[in-house]
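Observations on the model geometry
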Amino acid sequence: MKKLTLGFMAMALVIGISGIAMANGLGAGITGSPHDFSAELWNTRTGELCRVCHVPHDHNRTLAIQTGIETNGLLWNHKLSDVSYTLYASPTLNGAIAQPTGTAKMCLGCHDGTVALGAMDSKAVAPSTTTVIQDVDAGYQTPSAAMGVSLQGTHPISVTYDPTLDAGLKATTETIGTSGTIASLLDGGKVQCSTCHDVHDSVGEAVANTHLLRQSNTATASGLCLACHIK
Ligand code: HEC
Ligand code: HEC
Ligand code: HEC
Ligand code: HEC
């Protein structure tokens, strides 16, 4: 009985560990990464990697069209969130902050937990499930269920990166990992989710086993934070 329990625990551990490694990304491209949905039941275009997020032609993309996002291009194909968030605020914040824009809006369309993962273009069959991110893993809901529609507990997003307003910020010519300069990773001059994360887990850009981060935050202690902040 004891042997059986230990065996079971060892198995659970192995499954647990491989699950974590997979969830964090391999830094080897999108296939097999957390954003490889090609085999998910909720993916109404099973077998396709990119379709959940991008569509080659405008197939009635009404779901993905919302003021301020269509101009972003990127052939966006996933329904966006309608949530109006309580914004990050602090007495020392210098950069302008407003409702999420640009690529952050794209991430939040899945990650804020209000939109079904399978809600995408009209050439897809109707979403077969109502699976939302918290059904996959509650820990990936951003903002978390506890924070609800408030972004006050998450690093400022859609905030202007301006070293002339905040002398504690590095010059935008500095780089983040091997992804490029800070300037090239801003979107509309702002820090977005994709400034820190590489959604595609691209080879050479995302660091393996680090939540798809563009720079490890542990290889050099808080290396990602120090890529932007002079502290
Ligand atoms: C189509 C929906 C969708 C979009 C759009 C999306 N994600 Fe995800 N993301 C998910 C799901 C679902 C998971 C969990 C996958 C799993 O573990 O099975 C996930 C996982 C992640 C993880 C991995 C967490 C970990 O601990 O390894 C990160 C980080 C992440 N997403 C960030 C982003 C960012 C940043 C964007 C935008 C640039 C984005 N996502 C856009 C659905 C999405
Ligand atoms: C989970 C959603 C998601 C999936 C799946 C996804 N992308 Fe993206 N993609 C994004 C987001 C969000 C952006 C904008 C942020 C950025 O550039 O990192 C983007 C940007 C891009 C860009 C423009 C910027 C760049 O990196 O060159 C290209 C090209 C692109 N994706 C191609 C693809 C292809 C090809 C696939 C499939 C093999 C794919 N994407 C799968 C979410 C996704
Ligand atoms: C300033 C950089 C930065 C920005 C901007 C950022 N993240 Fe993260 N994110 C991180 C770091 C660092 C971690 C790892 C946290 C840890 O190890 O506890 C992380 C972790 C995550 C995770 C894994 C679960 C968790 O909470 O630890 C998800 C999912 C995620 N981010 C999604 C997002 C989304 C969606 C956005 C935009 C709304 C975003 N991130 C914006 C730095 C950032
Ligand atoms: C891509 C660059 C970038 C990265 C990486 C980054 N930050 Fe930031 N961070 C900013 C910007 C820009 C602001 C807004 C600064 C301002 O205008 O006051 C900010 C604001 C903050 C604030 C709020 C400051 C205030 O006055 O309210 C804290 C705290 C913070 N960052 C901590 C971190 C930590 C911790 C990390 C690593 C997990 C990190 N940052 C990673 C760019 C970055």
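These numbers come from a predicted model, not from an experiment. (Residues numbered from 1 in each chain as written. Chains lettered and ligands numbered in written order. Predicted model: local features only at pLDDT ≥ 70, side-chain atom pairs only at ≥ 80, totals over all residues. Heavy atoms only, no water.)

**Digging into the nonpolar core**
For clarity, the threshold we go by: The term nonpolar core refers to a set of buried residues drawn from Ala, Val, Leu, Ile, Met, Phe, Trp, Tyr and Cys, joined through side-chain atoms within 4.5 Å. With a 1.4 Å probe rolled over the protein chains alone, any residue whose accessible area is under 20% of its type maximum counts as buried; one over 50% counts as exposed, and the rest are partly exposed. Comment: elements are numbered from the N terminus, with helices defined as DSSP H or I runs of at least four residues and strands as E runs of at least two. By the convention used here, residues are in contact when the closest approach between their heavy atoms is within 4.5 Å.
Formed by Val 159, Tyr 161, Leu 169, Ile 176, Ile 182, Leu 185, Leu 186, Val 191, Leu 213, Leu 224, Ala 227 and Cys 228, the largest nonpolar core amounts to 12 residues. At the level of elements, α4 (182-185) and α6 (223-228) are the ones that each hand at least two residues to this core. The greatest single-element share of this core, amounting to 3 residues, is contributed by α6. What Leu 213 contacts, discounting residues up to four positions off in sequence, is Cys 196, His 197, Glu 205, Ala 206, Val 207 and Leu 224.

**Some points on the site of ligand 2**
The line we're drawing: Whether a residue is near a molecule or strand is decided by its heavy atoms; if any one of them lies within 4 Å of it, the residue is near. The definition of a polar contact used here is a pair of N or O atoms within 3.5 Å, where within protein one atom must be able to donate a hydrogen and the other to accept one, and adjacent residues in sequence count solely through side-chain atom pairs. Residues are grouped as follows: Ala, Val, Leu, Ile, Met, Phe, Trp, Tyr, Cys and Pro are nonpolar; Asp, Glu, Lys and Arg are charged; all remaining types, including Gly, are polar.
Close to ligand 2 lie 14 residues; Leu 49, Cys 50, Cys 53, His 54 and His 200 are nearest. One of the side-chain nitrogen or oxygen atoms of His 200 is found 2.8 Å away from a nitrogen atom of ligand 2. Considered class by class, the residues forming the shell around ligand 2 number 8 nonpolar, 5 polar and 1 charged.

**Regarding the coordination of the iron atom of ligand 2**
How we decide: Here the term donor refers to an N, O or S atom within 2.8 Å of the metal (or 3.2 Å for Na, K and Ca), and because water is left out of the atoms, sites may appear incomplete. Note on geometry labels: four donors, all angles 85 to 135 degrees, give tetrahedral; four donors become square planar and six octahedral when opposite donors are over 155 degrees apart and every other angle is between 65 and 115; remaining cases are irregular.
Only His 54 (NE2) and His 200 (NE2) from the protein reach the iron atom of ligand 2 as donors, at distances of 2.0 Å. Coordination geometry of the iron atom of ligand 2: the 6 donor atoms subtend angles of 86 to 179° at the metal centre, consistent with an arrangement described as octahedral. Taken as a pair, His 54 in the loop between α1 (2-24) and α2 (102-111) and His 200 in the loop between α5 (193-196) and α6 lie far apart in primary sequence, 146 residues in all. Overall, the relative accessible area of 38% leaves His 200 in the partly exposed class.

**Thoughts on the confidence of the model for the protein chain**
Just so we agree on the cut-off: For every residue, the predictor assigns a confidence score, pLDDT, that lies between 0 and 100.
Within the protein chain, residue pLDDT values average 86, and 81% of them lie at 70 or more. Note that residues 1-21 has pLDDT below 50 and, in this model, 2 contacts with residues that lie over four places away or in other chains.

**Considerations on the pattern of salt bridges**
Just so we agree on the cut-off: By convention in these notes, a salt bridge is any Lys or Arg side-chain nitrogen within 4 Å of a carboxyl oxygen on Asp or Glu.
Under the counting rule described, the total for this entry stands at 3 salt bridges. The partner of Arg 214 in a salt bridge is Glu 205, with the nearest N and O atoms 3.0 Å apart. Among the residues examined, Arg 214 registers a relative accessible area of 9% and is labelled buried. Residue classification places Glu 205 among the partly exposed positions, given a relative accessible area of 28%. A network of salt bridges, in which partner residues are shared, links Arg 45, Glu 48 and Arg 51.

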